[in-house]
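Summary of structural features
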Amino acid sequence: MDSEQSLPREVKVIDSASLFSLEERAGDLRLSQRLAPAWVRANAAPDGKHYLWPALWANLSHRPDVPRHVRWELLITLCTGDRVTSLLDVIPDDFTSLPKVTSREEGMHVRRLIDQAPSVREWLLRAGEGRP
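A brief report on the enclosed structure follows. (Residues numbered from 1 in each chain as written. Predicted model: local features only at pLDDT ≥ 70, side-chain atom pairs only at ≥ 80, totals over all residues. Heavy atoms only, no water.)

Brief notes about unusual backbone geometry
A positive phi angle, near 55 degrees, is found at Arg 30, a position not held by glycine. Summarising the element assignment, Arg 30 is placed in the loop between helix H1 (16-28) and helix H2 (37-43). For Arg 30, a relative accessible area of 54% puts it in the exposed group. (Helix = DSSP H or I, 4+ residues; strand = E, 2+ residues; numbered from the N terminus. Buried < 20%, exposed > 50% of the residue type's maximum accessible area, 1.4 Å probe, protein only.)

Structure below.
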């Protein structure tokens, strides 16, 4: 891929099954930014909408077997109704087919939610649970 390639200019909306799949794939590839799939399965709202906002291209130069990928800001809707943020590394083959947010207004609403939501770590500390 071209080192000057721009980030995807789209916000992705995913269901919980897709979120679980992406987290497991990131784990299988041993990508840096991911949550434990068991934590995600236990805490993500089964029928929730979750969002991916592109943050940066990541390249593991020490691991040429891993394709260049996008690090996404992830907004997770929890079973409690709370929303939390994390990061998730996703390879292009896995994100290109994901559905996009369909309006600029929805995209801006997602950005506000990401900016206001605590990180998973902050949420866990408030709940007295520690790490995911």
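A word on the side chain of Arg 71
By secondary structure assignment, the location of Arg 71 is in strand S3 (residues 69-77). Arg 71 gets classed as buried once you look at its relative accessible area, which sits at 18%. Within polar-contact distance, the side chain of Arg 71 engages the side chain of Asp 89 at 2.7 Å. Those residues within four positions of Arg 71 in sequence are excluded, and the remaining contacts are Ser 32, Gln 33, Trp 53, Pro 54, Ala 55, Leu 56, Ala 58, Leu 87, Leu 88 and Asp 89. (Polar contact = N/O pair within 3.5 Å; in protein donor to acceptor, adjacent residues only side chain to side chain. Contact = heavy atoms within 4.5 Å.)

Focus on the nonpolar core
Counting 29 residues, the largest nonpolar core has Trp 39, Leu 52 and Ile 76 as its most contacted members. Those elements giving two or more residues to this core turn out to be H1, H2, strand S2 (50-58), S3, strand S4 (83-90) and helix H5 (120-127). Contact partners of Ile 76, with chain neighbours within four places excluded, come to Leu 19, Leu 35, Trp 39, Ala 44, His 50, Asp 82, Arg 83 and Val 84. One finds Leu 75, Val 110, Ile 114 and Ala 117 within the second-largest nonpolar core, a separate group that totals 10 residues. (Core = buried A, V, L, I, M, F, W, Y, C linked by side-chain atoms within 4.5 Å.)

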